[in-house]
Amino acid sequence: MLSYTLKRLLFAIPSLLGVLTVVFFIVRIAPGDPALVILGESASAQALAALREQLGLNKPLHIQYAEFIWSVLHGDLGRSMISNQPVLNEVWRVLPYTLELTLAAMLIGVVFGIPLGVLSARYRNGAADYVVRFFSLLGLSFPAFISAILLLLAFAIAIPLFPVIGEAAYDDPAQRLRALVLPALNLGLIMVAYITRVTRSSMLSVMGQDYIRTAQAKGAPPRRVLRVHALGNALLPIVTVVGLYLGVLIGNSVLTEIVFNRPGLGKLIVIALNQRDYPTLQAMLVIYALFIVLANIVTDLSYGLIDPRVRNQ
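As the structure is a prediction and not an experimental result, all values here were calculated from the model.

Student: Can you lay out the overall build of the protein for me, pointing to particular residues and giving the numbers?
Tutor: Assigned secondary structure in the protein consists of 14 helices and zero strands. From first element to last, N terminus to C terminus, the protein shows the α and β order α-α-α-α-α-α-α-α-α-α-α-α-α-α. Across the 313 residues of the protein, 39% fall into the buried class. Looking at the protein alone, contacts between residues at least 24 apart form 73% of all its contacts between residues at least 6 apart. When the accessible surface of the protein is summed, it comes to about 16,900 Å², and 68% of that surface belongs to carbon and sulfur atoms.

In structure tokens:
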């Protein structure tokens, strides 16, 4: 298992380097002049040129790229062009909000998605199967910002059970949890739909295998056949979709944080994009990319834990 883990970590290095390179160039392709955004339309040409030199924007692109990679490797994500504060300070301030939202949504997806998928496969083409498939399709049909608005209208305005603004003070856990419910539910329901459909498909393919029929012929209880023999062998596709969906979850968190006016990395990245704040925008994209790469590593390691044949390949 140790050698398998080391291989996964080594394979992640080229992925990270490729992502950093793409991030660097995409940010600079975006239209707009950061110096003009900072100083305003009435700034003189001399002032704009001086600011570009101060920010390093007048350096050749390959020099900027080398400095960017070197800074990231040393844990320095730069300073905001707008506030002149270290980007990491702002990241650490809002990171807990994004992490708790993402983890809560994943927990909702796993806790409800897997049992519903198993239930749907167990009663294939029955009433329960049709109901589960209908609601999972419904969950996949709504974009995140549409479902967020519907949840706000229903449970924050029509029935004021939860706050409209998804921010709460750190020193009040009850209010913080109450403010988290709707945003997490918005992302979690979409994840439930994904996991339910994948679980159902994986369970149906496994339940047709010979070892399932053998267990049934030996008189194993139906619940044990489903839980141990079927679900245990159907976990790889489920783990895959959970790992891959993390990227979708992070992307949807941007829209969710905006709709619920909730602080987080998603909202910060939109502000940086509007202000052409290159260092902040780069830092946000790097952090998002790092999350996705880490999620892929955890997914690969989970393969090795679930199926020993994977780590021996």
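Resuming the write-up.
Student: An account of the packing of helix H5 (residues 87-122) against helix H6 (residues 127-141) is needed here, citing residue identities and associated values.
Tutor: Two elements in contact, H5 and H6, have axes separated by 7 Å at closest approach and are oriented at 140°. In terms of orientation, H5 and H6 fall into the oblique class. In this structure, H5 crosses over H6, and the sense of that crossing is left-handed. The residues of H6 that touch H5, namely those facing Leu116, Leu119 and Ser120, are Ala128, Asp129, Val132 and Arg133. Here the contact of H5 with H6 is composed, by residue class, of four nonpolar, one polar and two charged.

Student: Just give me the short version of the packing of aromatic side chains, but keep the residues and values in it.
Tutor: For the coordinates displayed, the defined rule picks out one aromatic pair. Of note, Arg122 hangs over the ring of Tyr123, and the distance from its end group to the ring centre comes to 5.0 Å.

Student: How would you summarise the packing of H5 against helix H12 (residues 265-274) if you had to cite specific residues and measurements?
Tutor: Interhelical geometry of H5 versus H12 gives an angle of 135° and a closest axis separation of 8 Å. What the angle tells us is that H5 and H12 run oblique. Residues Glu90, Val91, Val94, Leu95 and Thr98 of H5 touch H12, and the partners they reach there are Leu265, Gly266 and Leu268. Of the residues assigned to the contact of H5 with H12, the class counts are five nonpolar, two polar and one charged.

Student: Tell me about H5, and please be specific about residues and values.
Tutor: The end-to-end C-alpha distance of H5, which contains 36 residues, comes to 50 Å, matching closely the 52 Å that a straight helix rising 1.5 Å per residue would cover. Along H5, the helix axis deviates most sharply at Val94, where the bend reaches about 40°; the proline Pro96 sits within four residues downstream.

Student: Break down the nonpolar core for me, citing the residues and quoting the values.
Tutor: Of all hydrophobic cores here, the largest spans 55 residues; its most connected members are Phe68, Ile195, Met203, Leu249, Leu265 and Met284. For this core, the element with the most residues is H5, which contributes twelve residues. Once residues within four sequence positions are removed from consideration, Phe68 is found in contact with Leu20, Phe24, Gln282 and Val286. Ala148, Leu151, Leu182 and Phe260 belong to the second-largest nonpolar core, a separate cluster that totals six residues.

Student: Explain the side chain of Thr199 to me, and be specific about the residues and the numbers.
Tutor: Relative to the assigned elements, Thr199 resides in helix H8 (residues 173-207). Assessed through its relative accessible area of 0%, Thr199 is described here as buried. Contact partners of Thr199, with chain neighbours within four places excluded, come to Gly113, Ile114, Gly117, Val118 and Ile238.

Student: Kindly report on the pattern of salt bridges, identifying the contributing residues and their values.
Tutor: With the rule as written, the count across this model stands at five salt bridges. Asp129 is the partner of Arg133 in a salt bridge, and the nearest nitrogen-oxygen pair spans 3.4 Å. With Arg133 and Asp129 both in helix H6 and four residues apart, this pair spans about one turn of that helix. Several salt bridges converge on common partners, so that one network encompasses Glu100, Arg176 and Arg262.

What counts as what
- Here the residue numbers are simple positions, counted from 1 along each chain's written sequence.
- Per-residue local features are limited, in this predicted model, to residues with pLDDT of at least 70; the limit for side-chain atom pairs, both in listing and counting, is 80 or more; totals at the level of whole chains, interfaces and linings are taken over all residues.
- Remark: hydrogens and water are excluded; side-chain values derive from all non-hydrogen atoms of the structure.
- Think of it this way: any DSSP run of H or I at least four residues long counts as a helix, any run of E at least two long counts as a strand, and we number them from the N terminus.
- Only protein chains enter the area calculation, which uses a 1.4 Å probe; residues under 20% of their type maximum are buried, those over 50% are exposed, and those in between are partly exposed.
- Only heavy atoms enter the contact rule, under which two residues are in contact if any of them lie within 4.5 Å.
- Calculation of accessible area relied on Shrake-Rupley with a 1.4 Å probe; when residues are assessed, cover is drawn exclusively from the protein chains displayed.
- Interaxial angle, 0 to 180 degrees, is taken between N-to-C directions of lines fitted to C-alpha atoms, where a helix line uses only the stretch in contact.
- Any angle that is under 35 degrees is reported as roughly parallel, and any over 145 degrees as roughly antiparallel; angles of 65 to 115 degrees are reported as roughly perpendicular and all others as oblique.
- Two helices crossing with the near one rotated counterclockwise from the far one by less than a right angle form a left-handed crossing, whereas a clockwise rotation gives a right-handed crossing.
- Residue classes follow a fixed rule: Ala, Val, Leu, Ile, Met, Phe, Trp, Tyr, Cys and Pro count as nonpolar, while Asp, Glu, Lys and Arg count as charged, and any other residue, Gly among them, counts as polar.
- Centres within 6.5 Å are what make two rings of Phe, Tyr or Trp a pair, Trp counting through its six-membered ring; a difference in plane orientation under 30 degrees is then read as stacked, over 60 as edge-to-face, and the rest as tilted.
- A ring is scored as having a charge over it whenever the NZ atom of a lysine or the CZ atom of an arginine sits within 6 Å of its centre and within 35 degrees of its normal.
- Expected helix span is computed as 1.5 Å times (number of residues minus one).
- One axis fitted to the seven residues ending at a residue, another fitted to the seven starting there: the angle between these axes is the bend at that residue.
- Only buried residues count toward a nonpolar core, which is a set of Ala, Val, Leu, Ile, Met, Phe, Trp, Tyr and Cys residues joined through side-chain atoms within 4.5 Å.
- One side-chain nitrogen of Lys or Arg within 4 Å of one carboxyl oxygen of Asp or Glu is enough to make a salt bridge.

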